[in-house]
Amino acid sequence: MTFFKNHAETRAGENAWTTFKDHRTKLKGEGFSGKGCWTPLNTKATNAFAHKRSMAYLANRFSLPILRNFFADRGIDMNDDIYAISEMVQVIWRTTIRNDEPVMLYIPSERMRGLFRLWLETDSTAELIEALQPETTKLAA
């Protein structure tokens, strides 16, 4: 992946990348396919990746229908964008950023990159949720 070589300029051991498990074997290459480079998409509550200075987030997340239906059955509308950004931030937080150090990110999905930028630009969870509400909901309020 040219991102690590040409842009991040980090050593292989400092590189992290994540995608859906089924696609993991399709993505191999020098500098990012070694042991400890792949980070599972559902990574939470670990410091095992706190030394990673660059990350390629290669996923466009949506909630599983079974999860969405579980909440819908209880009268709760699940927003796929909020789900996606919360899952992405969890994985990115595993890197050096958790130690208040810079991290080089590569987010090729336009949707996920836009959600991440929006998350960075908002000052609170409430503001983020408001920004992600459909226009019809905003007009009704």
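Residues numbered from 1 in each chain as written. Predicted model: local features only at pLDDT ≥ 70, side-chain atom pairs only at ≥ 80, totals over all residues. Heavy atoms only, no water.

### Things to note about the pattern of salt bridges
Close approach of charged atoms allows side chains of opposite charge to pair. So the rule is basically this: One side-chain nitrogen of Lys or Arg within 4 Å of one carboxyl oxygen of Asp or Glu is enough to make a salt bridge. Note on exposure labels: buried denotes an accessible area under 20% of the residue type's maximum, exposed denotes more than 50%, and partly exposed covers the range between, all computed with a 1.4 Å probe on protein chains only. Each helix is a run of DSSP H or I of at least 4 residues and each strand a run of E of at least 2, with the numbering of both proceeding from the N terminus.
Overall, the coordinates contain five salt bridges when judged by the stated rule. Across the salt bridge formed by Arg11 and Glu14, the nearest N and O atoms sit 3.4 Å from each other. You can call Arg11 exposed: its relative accessible area is 61%. Overall, Glu14 belongs to the buried group, its relative accessible area being 11%. Note that Asp81 and Arg111 form a salt bridge whose closest N and O atoms lie 3.0 Å from each other. Remark: Arg111 occurs in helix α4 (residues 110–121) and Asp81 occurs in helix α3 (residues 80–92); sequence separation between them is 30 residues. Through salt bridges with shared partners, a single network forms among Arg11, Glu14 and Arg53.

### Some words on the side chain of Thr19
Short version of the rule: Distance and chemistry together define a polar contact, namely a pair of N or O atoms within 3.5 Å, with one atom able to donate a hydrogen and the other to accept it when in protein, and with adjacent residues in sequence counting only for side-chain atoms on both sides.
Summarising the element assignment, Thr19 is placed in the loop between β1 (15–18) and β2 (54–57). Polar side-chain contacts of Thr19 include one of 2.7 Å to the backbone oxygen of Leu58.

### With respect to the packing of aromatic side chains
Where we set the bar: We call Phe, Tyr and Trp rings a pair once their centres come within 6.5 Å, taking the six-membered ring for Trp, and we label the pair stacked below 30 degrees between planes, edge-to-face above 60, and tilted otherwise. Two limits define a charge over a ring: the Lys NZ or Arg CZ must be within 6 Å of the ring centre, and within 35 degrees of the ring normal.
Summed over the entire model, instances satisfying the criterion amount to four aromatic pairs. Ring centres of Phe70 and Phe71 lie 5.3 Å apart, and the angle between their planes is 85°; on these two criteria the pair is classed as edge-to-face. A residue is classified by how much of its surface remains accessible, and Phe71, at 27% relative accessible area, is partly exposed. An aromatic cluster is present here, built from Phe3, Phe4 and Tyr106 joined pairwise through their rings. Arg74 extends its terminal NZ or CZ atom over the ring of Phe70, reaching a point 3.7 Å from the ring centre. Over the ring of Phe62 we find Arg111, and its NZ or CZ is 3.9 Å from the ring centre.

### A look at the nonpolar core
Heads up, the rule is: Definition used in this section: a nonpolar core is a set of buried Ala, Val, Leu, Ile, Met, Phe, Trp, Tyr and Cys residues joined via side-chain atoms within 4.5 Å. Any two residues whose heavy atoms approach within 4.5 Å are treated as being in contact.
If you look at the biggest cluster of nonpolar residues, it comprises 17 residues, and the most contacted ones within it are Tyr57, Ile85, Met88, Ile107, Met112, Leu115 and Phe116. Counting only elements with at least two residues in this core, the list comes to β2, α3, α4 and α5 (125–132). If we skip the residues at most four places from it in the chain, Phe116 touches Ile85, Met88, Val89, Ile92, Leu105 and Ile107. Ranked by size, the runner-up nonpolar core spans eight residues in total, among them Phe3, Ala8, Cys37 and Leu58.

### As for the sheet that holds strand β3 (residues 104–106)
Sheets are built from strands paired through backbone hydrogen bonds, the pairs being either parallel or antiparallel. To keep things clear, this is the line we draw: The criterion for strand pairing is that DSSP finds at least two bridges linking the strands in question. Lines fitted to C-alpha atoms define the axes, with helix axes restricted to the stretch in contact, and inter-axis angles between N-to-C directions lie between 0 and 180 degrees.
The strand order across the open sheet built from three strands is β1-β2-β3, with neighbouring strands paired in parallel fashion. Here the strands that pair on one side only, and so sit at the sheet edges, are β1 and β3. Ignoring which end each strand starts from, the neighbouring axes of this sheet average 15° apart. Packed on one face of the sheet, α3 meets β1, β2 and β3 and runs near 155° to β2.

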